[in-house]
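Below, each chain spelled out in residue letters.
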Amino acid sequence: MPEVMQYALLGNSGLVVSRLAFGALTLTRDDPMQGLAKVRGADADALVGQALDAGINFFDTADIYAGGQSEEVLGKALGPHRDGVVIATKVMGRMGGPLVQAGLTRRHIGWAIDQSLRRLGTDWVDVYIAHNEDVRTPLEETLEALDAVVRAGKARYLGFSNWSAWKVAAALELQRANGWAQFTHGQMYYSLLGRDIERDLMMMRGRYGIGVTAWSPLAGGFLSGKYDRDRPGGTEDRLAATGYMPFDRELGFALLDALRTIAGELGASVAQVSLAWLLAKSVDSVILGASRPEQLADNLGAAQLVLPDDVVARLDALTAPAELYPHWHWRNAADGPLEAALSGRGR
């Protein structure tokens, strides 16, 4: 096993996962998604093999990726390695014309897990993730259905993705109170240009001990280093396909200028510095979404890059998210003398 890869426990479980994970959004059989799923056949097998050779044991997909084809391609590539890898897939999105083939209802979850297992070619997945919030289905129904999946042996652990912090807290309390299988972690959008989860979800996780995995760590490819003010991105690339992720473009270009300077100082790439910043944060795993071997190889280099504290601080200051209410109110209402006393400054 390569010594360069980092490993961590997934959230509050004992499951060991690589801190760089392989995201299978780019894999497809014959149904490419514009700017996203475009890796097929032998190329897909080679990318998965490259990830395995680098020490990655954590592979992430979803039933909606390329209409299920991502699960098929990933399952085939991982077939000979199934006993040594961790596979995560997701449920929520629409998987057919019938109205019942979507959401986090008891019916859809029970049906969708069987379809995912068939496509992946396995009897169970390591992690089953509720892909988005379902505002129409009672939370209790969703959690009981996910618990049934675990009790049936079709999944070992549960996770959530793209949920509000309040809903996660409510879910965890219900899971504990009813003896249902609990969420181990949340898979959330997190990058230098998307730090929203630091406001509430990161504080909430401290209360419950759950973990965090980061999707789109390069902000839809913007932080890959191939863009600048003169090359803002084309209509066919990943950045265009993930353009719904909001961020201040001018701030983004200023960040890229700083990243290029830091990368030059450290002998690294812009993408590696961006990923290493996330690895310096309290995340369990960072999900890579490469479509070419050289791209994956560059991203994997982040496992060997440890950013100096002053570099992390520079990047933190440059991209600090704006304070929202009630956070700014808490800060302004803080008991100054007490805070100083507790920190030792008031002695």
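The paragraphs below set out a description of the structure included in this document.

The rules behind each value
Residues numbered from 1 in each chain as written. Predicted model: local features only at pLDDT ≥ 70, side-chain atom pairs only at ≥ 80, totals over all residues. Heavy atoms only, no water. Helix = DSSP H or I, 4+ residues; strand = E, 2+ residues; numbered from the N terminus. Rg over C-alpha atoms; globule rule 2.2 N^0.38 Å. Buried < 20%, exposed > 50% of the residue type's maximum accessible area, 1.4 Å probe, protein only. Contact = heavy atoms within 4.5 Å. Areas by Shrake-Rupley, 256 points an atom, 1.4 Å probe, with all protein chains shown as cover. Phe/Tyr/Trp six-rings, centres within 6.5 Å; stacked < 30°, edge-to-face > 60°. Lys NZ or Arg CZ within 6 Å of the ring centre and 35° of its normal. Axes fitted to C-alpha atoms, helices over the stretch in contact; angles between N-to-C directions. Parallel < 35°, antiparallel > 145°, perpendicular 65-115°, else oblique. Left-handed = near helix turned anticlockwise from the far one by under 90°. Nonpolar A, V, L, I, M, F, W, Y, C, P; charged D, E, K, R; others polar. Pairing = 2+ DSSP bridges. Right-handed = clockwise from strand over helix to strand, strands pointing away. Polar contact = N/O pair within 3.5 Å; in protein donor to acceptor, adjacent residues only side chain to side chain. Arc of directions from axis to C-beta.

Take the overall build of the protein chain next. Helices and strands together make up the secondary structure of the protein chain, namely 13 helices and 10 strands. For a compact globule of 347 residues, the expected C-alpha radius of gyration is about 20 Å, and the protein chain comes in at 21 Å, within 12% of that figure. Its C-alpha atoms give the protein chain principal-axis dimensions of roughly 60 × 50 × 40 Å. Buried residues in the protein chain amount to 53% of all 347 residues. For the protein chain, the proportion of contacts with a sequence separation of at least 24, taken over those separated by at least 6, is 77%. Counting every atom, the protein chain has about 15,300 Å² of accessible surface; 53% of that belongs to carbon and sulfur.

This next bit is on the packing of aromatic side chains. With the rule as written, the count across this model stands at 9 aromatic pairs. Summarising the aromatic geometry, the rings of phenylalanine 160 and phenylalanine 183 are spaced 5.4 Å apart at their centres and angled 65° between planes, so their arrangement reads as edge-to-face. Linking phenylalanine 160 in strand 7 (residues 155-161) with phenylalanine 183 in strand 8 (residues 183-189), this pair joins segments that are 23 residues apart in sequence. For the pair phenylalanine 160 and phenylalanine 183, one class covers both residues: buried. Ring geometry for tyrosine 190 versus tryptophan 277: centroids 5.7 Å apart, planes at 65°, classification edge-to-face. Of the two residues, tyrosine 190 sits in the loop between strand 8 and helix 6 (201-208) while tryptophan 277 sits in helix 9 (residues 270-279), which places them 87 residues apart along the sequence. Here tyrosine 190 matches tryptophan 277 in class, with each residue buried. The structure contains a cluster of three or more aromatic residues connected by ring pairs, namely Phe160, Trp163 and Phe183. Its guanidinium or amino end placed over the ring of tryptophan 124, arginine 82 lies 4.1 Å from that ring's centre, counting from NZ or CZ.

Let us now look at helix 9. By the criterion of burial, helix 9 is predominantly enclosed, with 10 of the 10 residues buried. All of the buried residues along helix 9 are Val270, Ala271, Gln272, Val273, Ser274, Leu275, Ala276, Trp277, Leu278 and Leu279. Taken together, the buried residues of helix 9 touch strand 3 (20-23), strand 9 (211-215), helix 8 (249-266), strand 10 (285-288), helix 10 (293-300) and helix 11 (309-318).

Another point: the packing of helix 4 (residues 139-151) against helix 5 (residues 165-178). Contact geometry for helix 4 and helix 5: axes closest at 10 Å, N-to-C directions at 60°. In terms of orientation, helix 4 lies oblique with respect to helix 5. Considering only the axes of helix 4 and helix 5, their crossing is right-handed. Counted together, Leu139, Glu140 and Leu143 of helix 4 and Lys167, Ala170, Ala171, Leu174 and Gln175 of helix 5 form the full contact between these two elements. Partitioned by chemical class, the residues of the contact of helix 4 with helix 5 number 5 nonpolar, 1 polar and 2 charged.

Here we take up the pairing of strand 6 (residues 125-130). With 6 of 6 residues buried, strand 6 lies mostly within the body of the structure. Bridge count between strand 5 (residues 86-91) and strand 6: 4 bridges; the pairing is parallel. Across the sheet, valine 91 pairs through a bridge with alanine 130, a residue of strand 6. Each parallel crossover has a hand, and for strand 5 linked through helix 3 (residues 106-120) to strand 6 it is right-handed. Relative to strand 7, strand 6 runs parallel, the two sharing 5 bridges. Bridged to alanine 130 within strand 7 is phenylalanine 160. In terms of handedness, the path from strand 6 via helix 4 over to strand 7 forms a crossover that is right-handed.

Okay, the side chain of glutamine 175 next. Of note, glutamine 175 is situated in helix 5. Of the polar contacts made by the side chain of glutamine 175, one reaches the backbone oxygen of alanine 181; its length is 3.2 Å.

What follows is about helix 11. Listing the buried residues of helix 11 in full gives Val311, Val312 and Leu315. Here the buried residues of helix 11 occupy an arc of 100° about the axis, which is enough to place them on one side. When the buried face of helix 11 is taken as reference, the exposed residues oriented beyond 90 degrees from it are Asp309 and Ala317. Check the buried side of helix 11 and you find it contacts helix 8 and helix 9.

No statement about biological role is implied by the geometric values presented.
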